[in-house]
Structures are given as structure tokens and as C-alpha cells.
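# Structure assessment
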Amino acid sequence: MIDAHIHLDQYDAEEIKDRIKRWQENGIDGVVGVATNLRSSYDILKLKQDFPIFVRAAIGHHPEIPPPSKHDLYELTKLVKSERHNLSGIGEIGLPTYRKEELLERNREEEFNAILETFLKLAKDENLPVALHAVHEESKKVLSFLKKHSIQKAHFHWLKAPDEVIHEIVSEGYYVSVTPEVCYRERDQRLVKKVPIDQLLIETDGPWQYGGPFARKETSPLLLKEISKSVSNITKIPLKNLNEKIFNNTNRLYPNFVTDKS
Ligand SMILES: [Zn+2]
């Protein structure tokens, strides 16, 4: 099992080695570690260096925080190119939703769009998939930017979107992931039914904390088992079969050790 979206750099650095060992002993094959800014991108690359098989690295700048400085954006672009051989994706990128109002007090909306477009062009040039934060009313906008830049490999993480947008996302062949919320939230359960099984991924977005049966529990890739059990119940696909399919999907979108640009 592979966690398709986790903020691995936000776990205690001192304990990460023991944690990864425990996760591996419990059937977790790997994670896609996503970054939130330049500093976090360096941290993700360091984790990739320390755990090259377990960690697949994606670097970028999260849209729910102030946009990167010109310098940081330049450095991030340089880093993607110089570390290309160590990368499985670009992310987490997208457009702000939850903190949009607050962010727009200091920054213009065009700035967020421009940064997203910079990363999309980079992903296209470097033949990397994008890990997207594109939810609610912003999902349609992000989708239109993907089309504008002819992006073929994209992952809408923890998607929440109107039905017609979900339909468009899957008909473009993009991937969608569900989190532990699928175990207890109807919205996410309905989403699973709308995504073809070959385009579905599972993730924890850890260390983000969940409610329902996971309230006050630490979020880790160990929750993937609960997610796939729920997905198996919803789709009626036997668990073993389902896990194999999702594993293959994640490998297809975020291969480890990509060296050619074909
Ligand atoms: Zn995230």
C-alpha cells in the first residue's frame, strides 16, 4: 500500500526512522511525500535521500499559504530541475479555498493563478505529475488551467467538488484520492462511486487529524487499511484485488526513480 499524499516532513524528524520501520512492518510499501514551501521541499528531498525506496518526493508550494517570494519561486524551479531524478511529482500546488479571503487581503488572485501556472509549465517541461489542492469552487478553475497547459498527469487530492466537475476530472483521465474521511463521511463515499477504479488513489494527508472513529488518533499511513476496507465495501471489489489495483494506480502516476523524459 502506498500513501498517495502525506506531509512527511511534518512528523517529528527524530522519530521518523522508527515510524517508517513500523509502517513498513505493517504492510505500508511507500508514501508520496508532498511539500508546502521551499524549506519543506528541502526536507522532503532529504527524506527521499534517507529512505529512497519508501519515499517518493513531490516538491512545490502549498496554495493555502502566502505565495512564495520571487527568490523562493526561482529556487524551487531550479530545485525541480536539478533534483528531477529524485522526484516523482510536483506538489502540493493548486489554488486557495479555505483561507482565500484572508490571503486575498494581501495578495491579488492573479498572483495565485500565476504561481500555479508556473508550476504547471514546469511539470509539463519535466514530465512530472502534479499533486493538486483544488477543492470546491476552485476545482473547476484548476481544471481549466490543466487543460490550458495540456497537463496529462494530475492528482486531485482529497477532492470535494460539484458532480459535473468530478465527472470532467475523471473523463480527462486524472486521478482522485480519498482520505480516512471515506470511512465515516457520506460525501466521500459518494465520490468513490463516481471515480473509475483505475483512477482512484488512497491517502492520509497526514499528520492532519481526522474525526469520526479516528478522533484523537494519530494520523499515519497505517490508516490506509481502514480506507481500503471502506472502499472495498462501497465498490464491492474484493479487498486484495482492490489493494492491488490502487497500488498499481499509484505506481503508474508517481513512479519511483524516473530517469528518462519519455
Ligand atoms: Zn496536503
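Residues numbered from 1 in each chain as written. Predicted model: local features only at pLDDT ≥ 70, side-chain atom pairs only at ≥ 80, totals over all residues. Heavy atoms only, no water.

As recorded by an unreviewed UniProt entry, the protein carries the name TatD family hydrolase and is attributed to Metabacillus rhizolycopersici. Under Sequence similarities (unreviewed entry), UniProt gives the following word-for-word description of the protein: "Belongs to the metallo-dependent hydrolases superfamily. TatD-type hydrolase family." (UniProt positions renumbered as here; feature names shortened; annotations may be inferred.)

### Let's talk about the coordination of the zinc ion
Ideal geometry at a metal gives 109.5 degrees between four tetrahedral donors and either 90 or 180 degrees between six octahedral ones. For the zinc ion, the full set of protein donor atoms is His5 (NE2), His7 (NE2), Glu92 (OE) and Asp205 (OD), at a range of 2.1 to 2.3 Å. The site at the zinc ion holds 4 donor atoms, and with the angles between them running 83 to 169°, its shape is irregular. Mapped onto the sequence, the donors of the zinc ion take the spacing H-x1-H-x84-E-x112-D. One end of the pair, His5, is in strand β1 (residues 2-6); the other, Asp205, is in the loop between β8 (200-202) and α9 (224-235), with 200 residues separating them in the sequence. (Donors = N, O, S within 2.8 Å, 3.2 Å for Na, K, Ca; no water. Tetrahedral: all angles 85-135°; square planar, octahedral: opposite > 155°, others 65-115°. Helix = DSSP H or I, 4+ residues; strand = E, 2+ residues; numbered from the N terminus.)

### Quick look at helix α2 (residues 38-50)
Between its terminal C-alpha atoms α2 stretches 19 Å, which fits the 18 Å expected from 13 residues at 1.5 Å a residue. Packing partners of the buried residues in α2 comprise α1 (16-25), β2 (30-34), β3 (55-59), α3 (70-82) and β4 (87-94). Where α2 begins, the capping side chain belongs to Asn37, and its oxygen is found 3.2 Å from the backbone nitrogen of Arg39. (Expected span 1.5 Å × (residues − 1). Contact = heavy atoms within 4.5 Å. Polar contact = N/O pair within 3.5 Å; in protein donor to acceptor, adjacent residues only side chain to side chain.)

### Brief notes about the sheet that holds strand β6 (residues 154-156)
A sheet is described by the order of its strands in space; here 8 strands give the open sequence β1-β2-β3-β4-β5-β6-β7-β8, paired in parallel fashion. Sheet topology places β1 and β8 at the edges, where each strand pairs with a single neighbour. Taking each pair of neighbouring strands and ignoring which way they run, the sheet shows an average axis angle of 25°. Judged from the 3 bridges that link them, strand β5 (residues 130-133) and β6 form a sheet pairing that is parallel. Across the sheet, Val130 pairs through a bridge with Ala154, a residue of β6. Against the sheet, helix α6 (residues 137-148) engages β5 and β6, with an angle of about 180° to β6. (Pairing = 2+ DSSP bridges. Axes fitted to C-alpha atoms, helices over the stretch in contact; angles between N-to-C directions.)

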